[in-house]
Amino acid sequence: MRTDTLERIEGEPAAAASETFRQQVRLGFLTALPLWVGALPFGVTFAVLARTAGFSALETQALSVLVLAGSAQLAIVTLFGGGAGAIAILATTLMLNLRHILYAISTQARIQPGDRPSRPILAHFLMDEAYGLATREYLKGRGSTAVLFGAGLSLAICFNVATFIGIAFGSMLPYPERIGLDFIFPLSFLALLLPFLRSRNAVLVAAFSAVTVLITRELMNPSVAFMLTVIVAVTLGTLLEQRPGLKKEGSV
Amino acid sequence: MENMALILAAAVITYLTRIAGFALNPSLLSPRLHAALAYIPIAAFSALAVPGIATGSGTLDARLAGALAAALVIYRFSALWAGLTAGMLVFWLVQWVA
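Here, residues in each chain are numbered from 1, in the same order as that chain's written sequence. Numbering of ligands from 1 and lettering of chains from A proceed in the order in which they are written. For this predicted model, a pLDDT threshold of at least 70 governs which residues receive local features, and a threshold of 80 or more governs which side-chain atom pairs are given and counted, while totals over whole chains, interfaces and linings are taken from all residues. Excluding hydrogens and water, the side-chain values take into account all heavy atoms of the structure.

### A short note on the overall build of chain A
Where we set the bar: Secondary structure counts use DSSP, requiring at least four H or I residues in a row for a helix and at least two E residues in a row for a strand, with both numbered from the N terminus. Residue burial is assigned from relative accessible area. The probe radius is 1.4 Å, only protein chains are included, and a residue is buried under 20% of its type maximum, exposed over 50%, and partly exposed in between. For this analysis, residues touch if any pair of their heavy atoms sits within 4.5 Å. What sets the accessible areas is the Shrake-Rupley method with a 1.4 Å probe; for residues, cover comes only from the shown protein chains.
Helix and strand counts for chain A come out as 14 helices and zero strands. Sorting the 252 residues of chain A into buried and exposed places 53% on the buried side. A separation of at least 24 residues holds for 76% of the contacts in chain A among residues at least 6 apart in sequence. Of the roughly 10,900 Å² that chain A leaves accessible, carbon and sulfur atoms contribute 66%.

Right, here's the structure in full:
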């Protein structure tokens, strides 16, 4: 039984099939450029916060090179600066990153044999924003692992350059939180969310997720609250998909 | 160095979560799971965006106004950079004026 969702994921027959790997990487790279507006200040902010928390310049850059996950990095330096132990930091890292498993499953469903780059390389660039962009391109019929790789590479370069700038010039900048530059982080996720809200079910799930996360954050560790919220909201989405009346009107 | 060990451990954990999904056989996925996959970005991005708008730096009015401005610009022009710029400008403007 195919759902409308599945048909939308497959998209139109892709003209992209005839493009070269390099063209698709460039497509991903350029499509991600608007997100540099958010990634640059975020990277600088992250670097300043990391240095304030006590990480050395090398360690701060290493975080952006090796972890390459904005929300996890922010959580790590925040916890570290607050004196949290290694176990708490690593547990939070795991919880915040669990959603990547789902991104990978979703991407795996679209991978053809012989797709480049190889999955071990592609995996490192599977971040929220790159995944979001690649999914949008898939829905337009232009998606591929090369596009995902290009987007991820674009953001990885931007984020690491921003980190470097934050390390180098951090002491000269006004403390980013004081001027509210960190607000660009939730704005970026809002910007990524909006294109998905094209059906009533999608809006319902987004709204439910929003309310749930705000409530659960008051009751438990924010990382746990986040994972719980996503699981419950996704469950709601699948339940909505299965009801025949709603499915016709407002499927994703 | 202790910190580098922590960072490497965090990096390994992050990488493992990313590659783990690739190891799973996609034919094991049911249509229901496919539907669920479609909702993951929606649920995750909403849960990542909303807390920073409900609480955070600046005033609530400024954050709500900034979020609304960003949403309107993106809805109207479909340009991410324009939306982010509009959102931040409105966010700062509301605080400056208020």
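### Details of helix α12 (residues 200-219) of chain A
Where we set the bar: Take the number of residues in a helix, subtract one, and multiply by 1.5 Å to get its expected span.
Here α12 of chain A is 20 residues long and its end C-alpha atoms lie 29 Å apart, about the 28 Å a rise of 1.5 Å per residue gives. Where α12 of chain A is concerned, the buried positions are N201, A202, V205, A206, S209, A210, T212, V213 and T216 of chain A.

### Details of the interface of chain A and chain B
For the record, the criterion: The term buried area denotes the loss of accessible surface (1.4 Å probe radius) that occurs when two parts are joined, taken as the sum for both partners. The rule for a salt bridge is simple: a side-chain nitrogen of Lys or Arg has to be within 4 Å of a carboxyl oxygen of Asp or Glu. Counted as a polar contact is a pair of N or O atoms within 3.5 Å, where, for protein atoms, one must be capable of donating a hydrogen and the other of accepting one, and residues adjacent in sequence contribute only when both atoms are in side chains. Three residue categories are used. Nonpolar comprises Ala, Val, Leu, Ile, Met, Phe, Trp, Tyr, Cys and Pro, charged comprises Asp, Glu, Lys and Arg, and polar comprises the others, including Gly.
Taken together, the contacts link 89 residues of chain A with 59 residues of chain B. Across the interface of chain A and chain B, roughly 6,400 Å² is buried in total on both sides, 80% from carbon and sulfur atoms. Along the contact surface separating chain A from chain B lie zero salt bridges. Across the chain A-chain B interface, the total number found is 13 residue pairs in polar contact (both at pLDDT 80 or more). Looking at which element gives the most residues to the side of chain A that touches chain B, the answer is helix α7 (residues 99-108) of chain A, with 10 residues. Its residues assigned to classes, the side of chain A that touches chain B shows 60 nonpolar, 20 polar and nine charged.

### Description of the packing of aromatic side chains
We apply this condition: Aromatic contacts are taken between Phe, Tyr and Trp rings whose centres are within 6.5 Å, Trp giving its six-membered ring; a plane angle under 30 degrees counts as stacked, one over 60 as edge-to-face, and the others as tilted. For a Lys NZ or an Arg CZ to count as sitting over a ring, it must be within 6 Å of the ring centre and within 35 degrees of the ring normal.
Per the counting criterion, the structure on display carries nine aromatic pairs over all chains. Each ring, one from F125 of chain A and one from F149 of chain A, has its centre 5.3 Å from the other, and the planes form 85 degrees; the classification is edge-to-face. Here F125 of chain A, found in the loop between α8 (119-124) and α9 (128-139), pairs with F149 of chain A, found in helix α10 (residues 145-169); they are 24 residues apart in sequence, far enough to count as distant. Of the two residues, F125 of chain A and F149 of chain A, neither departs from the other in class, the shared state being buried. Among the aromatic residues, ring-to-ring pairing joins F42, F46 and F159 of chain A into one connected group. Looking at R76 of chain B, its charged tip hangs above the ring of F77 of chain B, at a distance of 5.0 Å from the centre.

### Side note on helix α3 (residues 36-53) of chain A
Between the first and last C-alpha of α3 of chain A there are 25 Å, a value that for 18 residues agrees with the 26 Å anticipated at 1.5 Å per step. Burial of α3 of chain A is extensive: 13 of the 18 residues sit out of reach of the surface.

### Some words on the environment of T92 of chain A
Residue and element names in this part refer to chain A. Mapped onto the secondary structure, T92 falls in helix α6 (residues 86-97). Counting along the chain gives 132 residues from T92 to V224, while the straight-line C-alpha distance between them is 8.3 Å. Those residues in contact with T92, other than ones at most four positions away along the chain, are A75, L79 and S223.

### A few points about the layout of surface pockets
Rules: Of the grid points, spaced at 1 Å and generated over the protein atoms alone, those admitting a 1.4 Å probe that cannot get out make up cavities, while open sets with protein on both sides within 12 Å along at least five of seven lines make up pockets; any residue with an atom within 4 Å of a point is treated as lining. Grid points are joined across faces, edges and corners, and a volume is the space filled by probe spheres set on the points.
Size it by volume and the largest pocket reaches roughly 870 Å³. What lines the largest pocket is a set of 32 residues, and nearest its centre among them are L74, A75, T78, F185 and R217 of chain A. Of all elements in the fold, only α3, α5 (70-81), α6, α11 (184-193), α12 and α13 (222-242) of chain A together with α2 (31-54) of chain B reach the threshold of two or more residues within the lining of the largest pocket.

### Notes on the confidence of the model for chain B
Keep this limit in mind: What pLDDT conveys is the predictor's confidence in a given residue, as a value from 0 to 100.
When pLDDT is averaged along chain B, the result is 86, and 93% of the positions lie at 70 or above. Reported for the predicted complex are a pTM of 0.68 and an ipTM of 0.82.

### Quick look at the side chain of T60 of chain A
Its place among the elements puts T60 of chain A in helix α4 (residues 57-67). In this structure, T60 of chain A is in contact with F46, A47, A50, R51, F55, T163 and I167 of chain A, ignoring residues within four places of it in sequence.

### Topic: a nonpolar patch on the surface
Which entries qualify depends on this criterion: Surface patches are defined over residues having more than 30% relative accessible area and no salt bridge, joining like charges when they lie within 9 Å and nonpolar side chains (Val, Leu, Ile, Met, Phe, Trp, Tyr) when within 5 Å.
Among the surface-exposed residues, I157, V161, I165 and F169 of chain A lie close enough to one another that they form a single nonpolar patch of about 310 Å² accessible area. With respect to the helices and strands, I157 of chain A occurs in helix α10.

### Overview of the side chain of E59 of chain A
This is how the line gets drawn: Charged-residue counts in this description rest on Lys and Arg as positive and Asp and Glu as negative, His and the chain ends being excluded.
Looking at the secondary structure, you find E59 of chain A in helix α4. No salt bridge forms around the buried E59 of chain A; measuring N to O, its nearest opposite-charge neighbour R51 of chain A is 7.0 Å away. Discounting residues that sit within four places of it in the chain, E59 of chain A has contacts with G54 of chain A together with M1, N3, M4 and I7 of chain B.

### Thoughts on the nonpolar core
Stated precisely, the cut-off is as follows: Buried residues of nine kinds, namely Ala, Val, Leu, Ile, Met, Phe, Trp, Tyr and Cys, make up a nonpolar core once their side-chain atoms join them within 4.5 Å.
In this structure, L63 and V77 of chain A together with I42 and F45 of chain B are the most contacted members of the largest nonpolar core, which totals 85 residues. For this core, the leading source of residues is α2 of chain B, giving 12 residues.

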